Amino acid sequence: MVTMGDSNESGKTSEKLQEAQKWKEEGNSNYKLEKFEEAVTAYSKALSACPSGHSDRAIYYKNRSACYLKLLKFDKAAQDAAAALDITPNDTKALFRKCQALEQLGQSEEAFKEAMRLNKLEPSNTAVQAMLRRLNAVVSDKVKKLSTTDSKVSQMFAALSDGDMERRKQAANNLIVLARETAGAERIFSEGGVAKVQPLLQGEDQELVLGGLRVLSCLCQGHKTRANAVLKDFTLPTLAKFISSPTEEVANAAANILLTAIQAMMGEDTKQPRKAEEALVPDLTTEFKSLLMFLLGLLTDKNVSGYGRDATIDIIIKFVPKETGAGRALTFMTNGGLIKLLTVAGQVPELKRLPITVNTHMHSAVALSKLYDEMHSDKNRQYFDELCNKFITEKFNVNTMESNMEAITAIAALLQGPFDVGNKLIGREGVIDVMVAMAGSYDVLHQKVALEAIVQAASKKDRCTSILQAGIGIMKDCYQSSNDNIRVRALVGMCKLGAAGGTDASAQLFADGATVKLAKEVKRFLVNPEEDHDLRKWAAEGLSFLSLDGDVKEDIINDPKALKALIELAKSGDKTVLYSVASVFVNLSNSYDEEKPEPEMVKLAQYAKQHIPEPHPKDSKEYLQERIKKLLKEGVVTALVFLAKADSENCREQVARVFLTITEGKDDRGLIVQQGGAKALIPLANNGTMEGKIRAAQALARIGITMNPEIAFPGQRCLEIVRPLVSLLHPDRTGLQNFEALMALTNLAGISESLRNRILKEKGFSQIENYMFEDHDMIKRAATECMCNLVVSEEVAQKFLGDNDRVKLLVLYCGEEDEALVKAAAGALACIAHQKEVCDKILKVKAWLEIMPGLCVSENLDIRTRGVHIVMSIIESSKENATVVVETNLLEILMAFSKDQTPAMDGVRSRAEQALKRATEWELIKPAK
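Residues numbered from 1 in each chain as written. Predicted model: local features only at pLDDT ≥ 70, side-chain atom pairs only at ≥ 80, totals over all residues. Heavy atoms only, no water.

**Focus: the overall build of the protein**
Selection rule: Secondary structure is summarised from DSSP: a helix means a run of H or I of at least four residues, a strand means a run of E of at least two, and numbering begins at the N terminus for each. The buried label goes to any residue with under 20% of its type's maximum accessible area, the exposed label to any with over 50%, and the partly exposed label to all in between, with areas taken from a 1.4 Å probe on protein chains only. Residue contacts follow a heavy-atom distance rule, with two residues in contact if any of their heavy atoms lie within 4.5 Å. Only the protein chains shown count as cover for residues, and all accessible areas are computed by the Shrake-Rupley method using a 1.4 Å probe.
Helix and strand counts for the protein stand at 55 helices and zero strands. Across the 929 residues that make up the protein, the buried fraction comes to 51%. Here the contacts in the protein between residues at least 6 apart in sequence split such that 68% fall between residues at least 24 apart. Counting only carbon and sulfur atoms, one obtains 50% of the accessible surface of the protein, whose full area is about 44,400 Å².

**Structural notes on helix H21 (residues 378-398)**
Applied cut-off: Expected helix span is given by 1.5 Å per residue-to-residue step, counting one fewer step than there are residues.
Over its 21 residues, H21 runs 30 Å from end to end, which matches the ideal 30 Å to within 8%, given 1.5 Å per residue. Just downstream of H21 lies Asn399, where phi reads positive at about 60°.

**Quick look at the environment of Ala741**
Inspection of the secondary structure puts Ala741 in helix H43 (residues 735-749). Taking relative accessible area as the criterion, Ala741 reaches 0% and is therefore assigned buried. Taking the C-alpha atoms as reference points, Ala741 and Ile705, separated by 36 residues in sequence, lie 8.5 Å from one another. Once you skip the residues sitting within four places of it in the chain, Ala741 turns out to touch Ala701, Leu725, Leu728 and Leu729.

**Examining the nonpolar core**
Put simply, the rule is: Here, the term nonpolar core denotes a set of buried Ala, Val, Leu, Ile, Met, Phe, Trp, Tyr and Cys residues that are joined through side-chain atoms within 4.5 Å.
Ranked by size, the top nonpolar core spans 269 residues in total, and within it Leu213, Phe384, Phe585, Phe659 and Leu829 carry the most contacts. Examining the composition of this core, we find that 11 residues originate from one element, helix H15 (residues 248-265), more than from any other. The contact partners of Phe384, leaving out residues within four places of it in the chain, are Met333, Leu338, Leu368, Leu371, Tyr372, Met375, Pro418 and Val421. Judged by nonpolar contacts, the second largest core, of 17 residues, contains Ala46, Cys50, Ala83 and Leu118.

**Considering the packing of aromatic side chains**
Selection rule: Each aromatic pair joins two rings of Phe, Tyr and Trp (for Trp, the six-membered one) with centres within 6.5 Å, and gets the label stacked for planes under 30 degrees apart, edge-to-face for over 60, and tilted for any other angle. Criterion for a charge above a ring: Arg CZ or Lys NZ at most 6 Å from the ring centre, at most 35 degrees from the ring normal.
Summed over all chains, the structure comprises two aromatic pairs. Seen in terms of ring centroids, Tyr31 and Phe36 are 5.4 Å apart; in terms of plane orientation they differ by 70°. Their pairing is edge-to-face. A residue is classified by how much of its surface remains accessible, and Phe36, at 15% relative accessible area, is buried. Positioned above the aromatic ring of Trp23 is the side chain of Lys22, whose terminal nitrogen or guanidinium carbon lies 5.2 Å from the ring centre. Over the face of the ring belonging to Phe642 we find Lys645, whose NZ or CZ atom lies 5.2 Å from the ring centre.

**Some remarks on the side chain of Thr784**
Relative to the helices and strands, Thr784 is located in helix H46 (residues 777-790). Given the relative accessible area of 0%, Thr784 is considered buried. Setting aside chain neighbours within four positions, we find Thr784 in contact with Met772, Leu810, Tyr813, Leu821, Ala824 and Ala825.

**Here's the deal with the packing of H46 against helix H49 (residues 819-832)**
Going by this rule: Only the stretch in contact is used when a helix axis is fitted, and all axes are lines through C-alpha atoms; the angle between N-to-C directions ranges over 0 to 180 degrees. We call two directions roughly parallel when the angle between them is under 35 degrees, roughly antiparallel when it is over 145, roughly perpendicular when it lies between 65 and 115, and oblique otherwise. A clockwise turn of the near helix away from the far one marks a right-handed crossing, whereas an anticlockwise turn of less than a right angle marks a left-handed crossing. Side-chain classes are defined by residue name, with Ala, Val, Leu, Ile, Met, Phe, Trp, Tyr, Cys and Pro counting as nonpolar, Asp, Glu, Lys and Arg as charged, and the others, Gly among them, as polar.
Where H46 contacts H49, the two axes come as close as 8 Å, and the packing angle between them is 25°. The pairing of H46 with H49 is recorded here as roughly parallel in orientation. When the axes of H46 and H49 are compared, the crossing they make is left-handed. On H49, the residues that touch Lys780, Arg781, Thr784, Glu785 and Cys788 of H46 are Ala820, Leu821, Ala824, Ala825, Gly827, Ala828 and Cys831. Each residue belonging to the contact of H46 with H49 can be placed in one class, and the counts come to seven nonpolar, two polar and three charged.

**What about the UniProt feature "repeat: TPR" (unreviewed entry) in the protein?**
We apply this condition: UniProt positions are given in the numbering used here, feature names are shortened, and annotations may be inferred rather than shown by experiment.
Per the UniProt entry, the sites bearing "repeat: TPR" (unreviewed entry) are residues 20-53 and 58-91 in this numbering. As annotated, residues 20-53 comprises 79% helix and 0% strand, and the C-alpha atoms at either end are separated by 14 Å. Note that residues 58-91 is 79% helix and 0% strand, and that its end C-alpha atoms are spaced 9 Å apart.

Take a look at the structure:
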């Protein structure tokens, strides 16, 4: 029911709309007379009269926008057009005027975006298309200018002096990216980048400090002049201050400046071998000597933090060893480097002599091992032994319990590194007595130091019988201790002894069931969240040995709490525990190498009554598959993703082994990708040990076979996996690795031109072609299928021209019995048959007349379509070729197909009709009535 009040309101609205309409008509008249100012006034009055929210307002805004465009008032024109679009979003006139205004205002990117939207609404509008072409050129030019290195560097330096902290941080990060490129580093350096970065290092914001340090490190990379300039302006004492930082990231970033500078100044980046005479004598160059003394000073400086000390040892590991000889290593040793390194290796944290971290002993052991590996001659190794012996002797001569602990701790580090050197020192008269006395004392620290050395000695049972005779008893006694730190170390020692037989079920030292009991005791330390992290670390190390036993594997896999604890340790980031956790996963998944003796050798061993290794019954395929299912269910992939980031190449190799095993199941690959496994595998496949890279690449191949690569490896990752996959085509790889790589590359080659180009860039074409000649049918087929997708690229298609038999090979493969091989070869021919030279080559193959009809009448519709397409291309290529074809029974086949109205035959029929039409045009056949 309408009331009197409603009637009045309705009347007022109608009056306002009429008034607005009157002003609109006046505005239109003024616009036609090019009286744009008056028109603006009229449309403004129309807007004032028109009720708020009424759709007619969009018309008035749009018309006033047109006036403003004529008056060159582009900002107001853009505002009015936007206001009109707020009311009617798809108004093409308003959108066009907004684009015009934005273009004139110089807002090219926004104008281009809106023009693209308009083009979708009116795809046939030539004015819009012309605008798009203009804007595209402007935007491209602008992007090109902004992307130039000079412009970017200038922008970043300007942003560094900005008051906005976030902008400064972003600028610092961008400078790092620029400095990694040669052109960027040169530009930064030429603009006084070393001096301009210095203020970042003087502030208190850690992110800016790190950014500055990393820029300087990039500037030093591979350039002697820049490295000298950095070390001159950023002096060694200043560098020492940052290396001594208690913050790990700062210490590592500063140390990396020193390492890259050293490598550049020493000419490491040139990769030129040193002369033979230089490899035989100590390196006494001035630059090396001064930098070496600086490093040695940092090594035992009490003011250097534990992180700084670790970073210094890392520099020694990367810089001192030389593949060409022992020169630098000898210089390091003769200047007291080995003694200082042993001093660090012998540090007992509780004594607080030097600041160290939980990783310092591991770093020291690696450095000692690297140095010893450089001692290629007996004379040099004897010198190394003498220095170690001298250090231990001096420590024992002090005759205090503190110095004895340092000596035993240093021996433990040698057992972790150059084992033979440490084993000799343990065999010295009185050393075992000291260890036994320490282990038997009531002081927990003494017991801990002694046990750690015994545990390290137990790692190689066959080479340390002297310590084990006394060690077994010591470990049993210490296991009765009330202190968990002592008990867990004793347990780990016994675990190592219990695992001495490895996977050989017939060579276990302990009685049946004893190994599982040990594992249960170790797990008690592992799964208790209240336990100290150090205890859990030792427990993981114990399980890394015990889990070689099949019974222990089943015990762990059926204990969700233990698996969860291992996964949590993997995520902890503690470098000292990562390898142990990775080893447990390797053992649970049987990802280790197994040497299976030849049957003939087994018979000989049986005849000679020699020991023959026996696999554990619970390592059978059924048990293994069940363990892998449980590992995946408990989230092992997330643990592997964390472990894949480890610094240790050996640890990353272990991770790659596990990934390869768990990707065997096709149904599991989706879960692995979903949890980040595919992303983690890419760096594993590009960096690390050769074995690790191969296994990671094979795991990537398996994922790429059964999953859409665009989903499994989105964006840039698709390009990044090409190199690892191509590396699996090396002749030294196994047939299975070759096959899986070819299958994955086939899928990649079918996606885009950029991926096909990347395969070519990585020299994949020649290797794929080689496998087309392989005797193994599956490999040959996979290579041909890959080539079928590659020939879509014009560059690859051109390779079939000229003086070669590539086309002939494809024609002959079309006559094989393997249907999949025929389909691939026919597909490749169909792709390149548009080239006349290819058609000429097909007709030169003697068996072509037997093969082509076979393709065309194949029961496989895909093969039939490809065959007819090839014949059509031959007829279209030239009259001479067409004449050859129509004189054969192929003409009858084509005519029959042209009459087949079956829906499934549409593709074949259309090609047959096209071929007949062309033959008619060549006047070789008469047109059908």
